[in-house]
Structures are given as C-alpha cells and as structure tokens.
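Inside the fold
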Amino acid sequence: MDAVEFVAKKVVSALCHPLGFSLVLLFAGIIVARVCSTSRAGRVLVLLGSVWLLVMSFPITGYLLLRPLELNAGPYADPSELSRRGVHNIVVLGGSRVPNNVKAADCWGPTLVRVMEGIRLWKN
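Residues numbered from 1 in each chain as written. Predicted model: local features only at pLDDT ≥ 70, side-chain atom pairs only at ≥ 80, totals over all residues. Heavy atoms only, no water.

**Brief notes about the overall build of the protein chain**
Heads up, the rule is: We count a stretch as a helix when DSSP gives it H or I for four or more residues in a row; a strand needs E for two or more, and each element gets its number in order from the N terminus. Accessibility here uses a 1.4 Å probe with only protein chains present; expressed as a share of the type maximum, an area under 20% marks a residue as buried, one over 50% as exposed, and anything in between as partly exposed. The contact definition used throughout considers only heavy atoms, calling two residues in contact when any of these lie within 4.5 Å.
Check the secondary structure of the protein chain and you find six helices and zero strands. Mapped from its N terminus to its C terminus, the protein chain presents α and β elements in the order α-α-α-α-α-α. Within the protein chain, the proportion of its 124 residues that are buried is 10%. In the protein chain, the proportion of contacts linking residues at least 24 apart, taken out of those at least 6 apart, comes to 43%.

Dropping the structure here:
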C-alpha cells in the first residue's frame with residue numbers, strides 16, 4: 001500500500017505544477033495521436049498542453065494569480081496594533097544560497113528588506 005500511495009503522491013504533485021501538467025497533456029496527446037490516427041483528440045491534447053505551457057510562462061499570469069493573495073494579506077503590520085493584540089515575538093523568515101567566496105555584507109540580498117521590517121516592528 002505504501003508504494004501505491006507514493007506513486008499517487010508523485011502523480012498528483014506533478015499534475016499540480018504547470019510544467020508537469022502540460023507535459024502530461026503533451027505526452028497523452030502524442031500517444032493518442034499514435035494509437036488513433038483518425039481521431040482529433042490527440043491533436044487537441046497537444047494543442048491544450050502547448051497553450052497551457054505558453055500561458056503559464058507569461059509573467060502576467062503569475063502576477064494575476066498572486067494579486068488576490070497579496071490583497072488578502074493586507075498592508076504592512078502596524079506595531080501599535082500588534083502590541084494591542086498581545087504579539088510579543090517577531091520572526092523574520094528568509095534565506096538564500098550564496099557562493100562561498102562572497103563577503104558577508106553581500107549575502108543579504110532580498111532578505112535585508114525583511115530584516116528591516118522586523119526591526120521596524122521591534123523598535124516601535
């Protein structure tokens with residue numbers, strides 16, 4: 001039973017990603033086109049997989065998918081509102097992989113903005 005669950009988990013996770021989903025559509029379309037050369041289903045699946053991959057490759061698609069989440073998250077936190085709610089701890093999440101030959105001051109990158117926001121919340 002563990003092997004079936006493992007395979008099912010891998011298949012579902014591949015289908016959740018745009019690249020995996022489009023590749024499944026493309027390969028299914030190629031197989032259907034080879035088996036049933038008179039059917040249009042294979043060509044339709046290949047077309048759908050190609051269009052899906054193309055649409056998901058555009059930056060505007062990612063923007064449109066993330067925008068409702070960002071609007072739901074709201075603006076930056078107000079320190080007085082956090083203290084009124086009884087928040088006592090601030091956790092700054094961030095990390096990146098940098099080469100070993102980079103100086104410590106050059107490793108901050110986008111994490112610096114998060115650290116600065118954490119300091120702003122802590123100081124006020």
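Okay, back to it.
**Considering the side chain of Glu117**
Heads up, the rule is: N or O atoms within 3.5 Å of each other form a polar contact, as long as, within protein, one can give a hydrogen and the other can take it, and as long as residues adjacent in sequence are counted only when both atoms are side-chain atoms.
Within the secondary structure, Glu117 sits in helix H6 (residues 111-123). Separated by 2.6 Å, the side chains of Glu117 and Arg120 make a polar contact. Discounting chain neighbours no more than four positions away, the residues touching Glu117 are Tyr76 and Ala77.

**What to know about the environment of Asn89**
Note on placement: Asn89 falls in the loop between helix H5 (79-85) and H6. As for Asn89 and Leu121, which are separated by 32 residues in sequence, their C-alpha atoms are 9.8 Å apart.

**Quick notes on the environment of Trp52**
With respect to the helices, strands and loops of the structure, Trp52 is situated in helix H3 (residues 41-57). Separated by 31 residues in sequence, Trp52 and Phe21 place their C-alpha atoms 8.4 Å apart. Filtering out sequence-adjacent residues up to four positions away, Trp52 remains in contact with Pro18, Phe21 and Ser22.

**As for the pattern of salt bridges**
Under the convention used in this document: The rule for a salt bridge is simple: a side-chain nitrogen of Lys or Arg has to be within 4 Å of a carboxyl oxygen of Asp or Glu.
Within this structure, the stated rule accounts for three salt bridges. For the salt bridge of Glu81 with Arg84, the shortest nitrogen-to-oxygen distance reads 2.5 Å. Here Arg84 and Glu81 lie together in helix H5, a separation of three residues that amounts to about one turn. With a closest N to O distance of 2.6 Å, Glu117 and Arg120 form a salt bridge. Highlighted residues: Glu117 and Arg120, both in helix H6, separated by three residues, approximately one helical turn.

These results come straight from atomic positions and should not be treated as a statement about function.
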